[in-house]
Amino acid sequence: CAQASSSGTKNLNEHLTVPLEKLMNTHKSQGQEFRAMAYGKAISALRNFPKKIQRAEDVGSLRNIGGSILSKITEILENGTCQKVDNLCVDDEVNKAIALFCNIHGVSSKTAIKWASAKLRTLEELSTKVTLNRAQVIGLKHYHDFLDRIPRSEVEEIEKTVKGAALDLQKGLEIVTCGSYRRGKPTCGDVDILISHPDGKSHRNLFGPLLEKLRTSEFLTDDLSISEESSQKKYLGVCRLPKEDSKFRRLDIIVVPYCEFGCALLYFTGSAYFNRSMRAYAHKLSMTLSHHSLNRNVVRMKKVKISDGEPFPNLTTEKAIFECMGLPYREPADRDH
Ligand code: DCP
Ligand code: MG
Ligand code: MN
């Protein structure tokens, strides 16, 4: 960055200080304090030098400039650029592109790296030069909306819409908004809604008709994926409240049988980090914990599971799960770690 010298006079050696600052910052970011300091002193000396340096010999009279920095200055004076700085700029561009692409819903870091390595840099380039899958097309279409966090009040409006439609179809459903919302976060990345029925069977014919109803009312705008894993059905998609200026929001809906309600609620509330540590702890107790069940008497030999053990029956609450694992109950707000 172009800065005036500390004495207030103009920096006549920006052609040298700008690239050297890039190198200084790299050393700083890599924790190489002394290298960074050496660059800092050289930059300061160049900035305060009263004339524009055009030949390597001119640098000779400057103190504070050591051999390796001097060779970079010589290289810049001779070629107008320096290999090490050029490499940095390329890295910078690639990293920016990777970060940009990673933020598209449905794009893994592996894919983002592949595209950035193929010299793709912008979202516009992606849409014309790459074959995107269906979820990625939707992710790209709503790139900015999906990065925007959802305020709790809007999560509640979305919940109300889904609840209304579901209860219209089936009385007595238990509907809980999970994820970061249930953990009490002020804003949420998406809305995670869990649905079940205490009678153990009335959840069965809900999933399809509910999605159909929400599509007809134009609340659901895009489907990312619809899947069924044994008895649990999962919808990942996009919704939008019927208001002017309202944004497209990510919505996940899971419908589960009531006997799995506790484990599904615990899983879907998260955090993902908390889930991992609960699972690891279950292992220590010769148990397994999943979004379906908590099993005991699991037999493992050298980390390979030999017997699945048997599930605790009727784990319909989270408290029951904590109890079975001999743990004190933890409120959702305390489950970020
Ligand atoms: N989950 C998990 N492991 C994953 C993804 C999700 O255990 N790899 C569980 C824990 C999450 C919950 O599902 O809390 C919901 O997933 P989200 O991706 O919606 O995450 P959050 O709701 O916690 O955060 P955000 O505000 O980003 O949606
Ligand atoms: Mg969420
Ligand atoms: Mn989610």
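Residues numbered from 1 in each chain as written. Chains lettered and ligands numbered in written order. Predicted model: local features only at pLDDT ≥ 70, side-chain atom pairs only at ≥ 80, totals over all residues. Heavy atoms only, no water.

## Some thoughts on the coordination of the magnesium ion (ligand 2)
Where we set the bar: In this description, a donor is an N, O or S atom within 2.8 Å of the metal centre, a cutoff extended to 3.2 Å for sodium, potassium and calcium. Water is not part of the atom list, which can make sites seem incomplete. With a 1.4 Å probe rolled over the protein chains alone, any residue whose accessible area is under 20% of its type maximum counts as buried; one over 50% counts as exposed, and the rest are partly exposed.
Within the first shell, the magnesium ion (ligand 2) binds the protein through D190 (OD) and D192 (OD), at distances of 1.9 to 2.1 Å. Taken as a pair, the magnesium ion (ligand 2) and the manganese ion (ligand 3) show a spacing of 3.5 Å, with D190 coordinating each metal. In terms of burial, D190 and D192 fall into one category: buried.

## Comments concerning the packing of aromatic side chains
Counted only if it meets this: Pairing of aromatic rings covers Phe, Tyr and Trp, the last counted by its six-membered ring, and requires centre-to-centre distances within 6.5 Å; plane angles under 30 degrees mean stacked, over 60 mean edge-to-face, and any other angle means tilted. Numbering of helices and strands runs from the N terminus, with a helix taken as a DSSP run of H or I at least four residues long and a strand as a DSSP run of E at least two residues long.
Scanning the model with the defined rule gives 4 aromatic pairs in all. With a centroid separation of 6.0 Å and an interplanar angle of 80°, the aromatic rings of F101 and W115 are classed as edge-to-face. One end of the pair, F101, is in helix α5 (residues 83–102); the other, W115, is in helix α6 (residues 109–117), with 14 residues separating them in the sequence. Classification of W115 as buried rests on a relative accessible area of 6%. A ring pair is formed by F274 and F322, whose centres lie 6.5 Å apart and whose planes are at 35°; its orientation type is tilted.

## Section: the side chain of R183
Threshold: Any pair of nitrogen or oxygen atoms within 3.5 Å is treated as a polar contact; in protein, a donor-acceptor pairing is required on top of that, and neighbouring residues in sequence qualify only through side-chain atoms on both sides. The contact criterion used throughout is that any non-hydrogen atoms of two residues lie within 4.5 Å.
Residue position: R183 is located in the loop between α11 (179–182) and β3 (187–188). Here the side chain of R183 touches D336 through a polar contact of 3.3 Å, side chain to side chain. Excluding residues within four positions of it along the chain, R183 makes contact with T269, G270, S271, P332, A333, R335 and D336.

## Things to note about the nonpolar core
To keep it simple, the criterion reads: For our purposes a nonpolar core is just a set of buried Ala, Val, Leu, Ile, Met, Phe, Trp, Tyr and Cys residues, chained together by side-chain atoms within 4.5 Å.
Counting residues in each nonpolar core, the largest one holds 26 residues, and the members touching the most others are V162, I195, L214, F219, L220, L251 and I253. Elements supplying a minimum of two residues to this core: α10 (152–169), β4 (191–196), α12 (207–216), β6 (232–239) and β7 (249–255). Sorting elements by how many residues they give to this core places α10 first, with 5 residues. Not counting residues up to four positions away in its chain, the partners in contact with L251 are I158, V162, V191, I193, F219, L220, Y235, L236, G237 and C239. Grouped together as the second largest cluster of nonpolar side chains are 19 residues, V59, I65, I69 and V85 included.

## Things to note about the site of ligand 1
What counts here: To be near a molecule or strand, a residue needs just one of its heavy atoms within 4 Å of it. Cavities and pockets were defined on a 1 Å grid built from protein atoms only: a cavity is a group of points that admits a 1.4 Å probe but offers it no way out, a pocket is an open group of points flanked by protein on both sides within 12 Å along at least five of seven lines, and a lining residue is one with an atom within 4 Å of any such point. Whether a molecule sits in a cavity or pocket is decided by its atoms, more than half of which must lie within 2 Å of the grid points. Think of it as three bins: nonpolar holds Ala, Val, Leu, Ile, Met, Phe, Trp, Tyr, Cys and Pro, charged holds Asp, Glu, Lys and Arg, and polar takes everything else, Gly as well.
Around ligand 1 there are 15 residues in total, and S180, R183, G189, D190 and N275 lie nearest to it. R149 is positioned such that a nitrogen or oxygen atom in its side chain is 3.4 Å from an oxygen atom of ligand 1. One of the side-chain N or O atoms of D190 is found 2.7 Å from an oxygen atom in ligand 1. The cavity that encloses ligand 1 is the largest pocket. For the shell around ligand 1, the element with the highest residue contribution is helix α13 (residues 261–269), accounting for 3 residues. Tallied by class, the residues present in the shell around ligand 1 amount to 4 nonpolar, 7 polar and 4 charged.

## With respect to the sheet that holds β7
What counts here: Two strands pair if DSSP finds at least two bridges between them. As a rule, the C-alpha atoms of each element are fitted with a line to give its axis, helices using only the stretch in contact, and angles between N-to-C directions run from 0 to 180 degrees.
Spatial ordering of the open sheet is given by β2-β4-β7-β6-β5, a layout of 5 strands whose pairing is mixed. For this open sheet the edge positions go to β2 (174–177) and β5 (220–229), each flanked by a neighbour on one side alone. If you compare each strand with its neighbour and ignore which way they point, the axes differ by 15° on average. Relative to β7, β6 runs antiparallel, the two sharing 7 bridges.

## Structural notes on empty space enclosed by the protein
The criterion, for reference: Grid points are joined across faces, edges and corners, and a volume is the space filled by probe spheres set on the points.
Across all of its chains, the model carries 2 cavities of 30 Å³ or more by this definition. Put simply, the largest cavity is a space of about 60 Å³. Taken together, C263, L266, Y267, N275, M278, R279, L289, S290 and H291 make up the lining of the largest cavity. Of all elements in the fold, only α13 and α14 (272–284) reach the threshold of two or more residues within the lining of the largest cavity. When its residues are assigned to classes, the lining of the largest cavity shows 5 nonpolar, 3 polar and 1 charged. The space that makes up the second largest cavity amounts to roughly 30 Å³. If you trace the second largest cavity, you find it lined by L194, Q232, I254, V256, A264, Y267, F268 and H291. By residue number, the principal contributor to the lining of the second largest cavity is α13, which donates 3 residues.

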